[in-house]
Amino acid sequence: MQVAFNRRPFCFCKKSMVMILTLDNRLLAVASFVPLGARVADIGTDHAYLAIYLYGERGAKKVIATDKNEGPLAAARHTIKEAGLSEKIDARLGDGLIPIEAGEVDIVCISGMGGELIAAILERSPDVCVGLSRLVLQPMSDASYLRRWLYDSGYHIVDESLAEADGRIYEIAVAEHGIEPMPENALLELGPVLCKKRPQFFSRHADEILARKKRILFEMEKSERARESHKYKKIQKEIGEIMSCLNAKL
Ligand SMILES: C[S@@+](CC[C@H](N)C(=O)[O-])C[C@H]1O[C@@H](n2cnc3c(N)ncnc32)[C@H](O)[C@@H]1O
């Protein structure tokens, strides 16, 4: 059996069959923040593509793939078995970091879940989190909530990137332990490192954030009461702050 990824192909040979796996740009971006040779857990693994990639392409010393649900975990176990990696990647059933023992891994990847859920998963397992050197997080929504939670909880963001997959832009944030000042609201929305680095897709990312807020204002403008509400003024202010951040000299 061979396992190959379309971007950076690599193979595991078992019975000389070929298994082609595709890791999209979103998961490639997540994987790129996992140091080579790490001990890593992929939380909410589903298909286990990231876990397999981390073992094969990032030379992970130890990979634990977890999922809360039986179906996705069965799919993960199947893919891992097909890749001939059942001895190398430990697939465990359980909620968040509960299946991980303190000190077992250095890096945790949590991708494809909402920002609030990611924060809740981390909050529930302080004993595991204390021993981690890095969190690689890819929220599907509520990224600003997650960033605020990280700063409130003794982490800070050391790197960020954007990836495009299926016509959508995804945010990836890398956090480490260490108390740093809370970034201003606009930076929590845009991403503090993204705003500084302005990587590819940044202007589209910023446009999408502004468009979401403008859509809400547009709907509220239909009612005089909504137009005079605190919420309306708050969103107007947020748009102004984001615009100033975007216009600020780097
Ligand atoms: C949309 S999939 C994302 C899969 C993969 N991480 C990715 O980014 O492509 C979300 C997965 O997270 C799992 N999940 C949801 N809540 C979870 C939790 N609290 N703990 C562990 N896994 C969870 C789901 O069962 C599902 O397999």
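All of these numbers come straight from a predicted model, not from anything done at the bench.

Chemist: Just to check I follow, could you spell out the overall build of the chain for this structure?
Modeler: When its secondary structure is counted, the chain shows 11 helices and 9 strands. Taking 2.2 N^0.38 as the reference for a compact globule, 250 residues should give roughly 18 Å; the C-alpha atoms of the chain span a radius of gyration of 20 Å, in line with that estimate. With the C-alpha coordinates aligned to their principal axes, the bounding extent of the chain is approximately 70 × 35 × 35 Å. Buried positions account for 38% of the 250 residues belonging to the chain. Sequence-distant contacts in the chain: of pairs separated by 6 or more residues, those separated by 24 or more amount to 61%.

Chemist: Explain the sheet that holds strand 6 (residues 107–113) here, please?
Modeler: Strand pairs in the sheet, formed through backbone hydrogen bonds, run parallel or antiparallel to each other. Sheet architecture is open: 7 strands sit in the order 5-4-3-6-7-9-8, paired in mixed fashion. In this open sheet, the two edge strands, each paired with only one partner strand, are strand 5 (89–93) and strand 8 (155–165). Recorded for the sheet is a direction-independent mean angle of 20 degrees between the axes of neighbouring strands. Here 6 bridges tie strand 6 to strand 7 (residues 134–139), and the two strands are oriented parallel to one another.

Chemist: Looking at this model, I keep getting lost on the domain arrangement of the chain. Mind explaining?
Modeler: Often, the extent of an interface is quoted as the loss of accessible area on bringing the components together. Once the domains are mapped, the chain shows domain 1 (23–183) and domain 2 (201–250). Each of domain 1 and domain 2 has a C-alpha centre, and these two points are 31 Å apart.

Chemist: Honestly, helix 3 (residues 70–82) in this entry has me stumped. Any pointers?
Modeler: Because each turn of an α-helix spans 3.6 residues, side chains separated by three or four positions in sequence point in the same direction. For helix 3, with 13 residues, the first-to-last C-alpha span of 18 Å sits near the 18 Å given by 1.5 Å per residue. By the burial criterion, the buried members of helix 3 are L73, A76, T79 and I80. Viewed end-on, helix 3 has its buried residues packed into an arc of 125 degrees, placing them on one side of the element. Along helix 3, the residues that are exposed and aim more than 90 degrees away from the buried face are E70 and G71. If you follow the buried residues of helix 3, they end up packed against helix 2 (49–57), strand 4 (62–67) and strand 5. Where helix 3 ends, the next residue or the one after it, G84, has phi of about 70 degrees, a positive value.

Chemist: I'm lost on the site of the ligand in this one. Help?
Modeler: Neighbouring the ligand are 16 residues; G44, D46, P72, S111 and G112 lie closest to it. Taken together, the elements giving at least two residues each to the shell around the ligand come down to strand 4 and strand 6. Per element, the largest residue contribution to the shell around the ligand is 3 residues, and it comes from strand 6.

Chemist: Help me understand the pairing of strand 8 in this model?
Modeler: One face of the sheet, then the other: side chains in a regular strand alternate in exactly this way. With 10 bridges joining them, strand 8 and strand 9 (residues 168–177) adopt antiparallel strand pairing. Bridge pairing in strand 9 links H156 to E176. Counting the residues between successive antiparallel strands, the hairpin from strand 8 to strand 9 contains 2 residues, one of them, D166, with a positive phi of roughly 50 degrees.

Chemist: Help me out: how do you make sense of the pairing of strand 3 (residues 39–43) in this one?
Modeler: With 4 of 5 residues buried, strand 3 lies mostly within the body of the structure. Here strand 3 pairs with strand 4 via 5 bridges, running parallel. In the strand pairing of strand 4, V40 is matched with V63. Once you follow strand 3 into helix 2 and on to strand 4, the crossover reads as right-handed.

Reading the values: rules and limits
- Residues numbered from 1 in each chain as written.
- Predicted model: local features only at pLDDT ≥ 70, side-chain atom pairs only at ≥ 80, totals over all residues.
- Helix = DSSP H or I, 4+ residues; strand = E, 2+ residues; numbered from the N terminus.
- Rg over C-alpha atoms; globule rule 2.2 N^0.38 Å.
- Buried ≥ 20, exposed ≤ 12 C-beta atoms within 10 Å, placed from the backbone.
- Contact = placed C-beta atoms within 7 Å.
- Pairing = 2+ DSSP bridges.
- Axes fitted to C-alpha atoms, helices over the stretch in contact; angles between N-to-C directions.
- Domains from an automatic or database assignment.
- Expected span 1.5 Å × (residues − 1).
- Arc of directions from axis to C-beta.
- Near = placed C-beta within 6 Å.
- Right-handed = clockwise from strand over helix to strand, strands pointing away.

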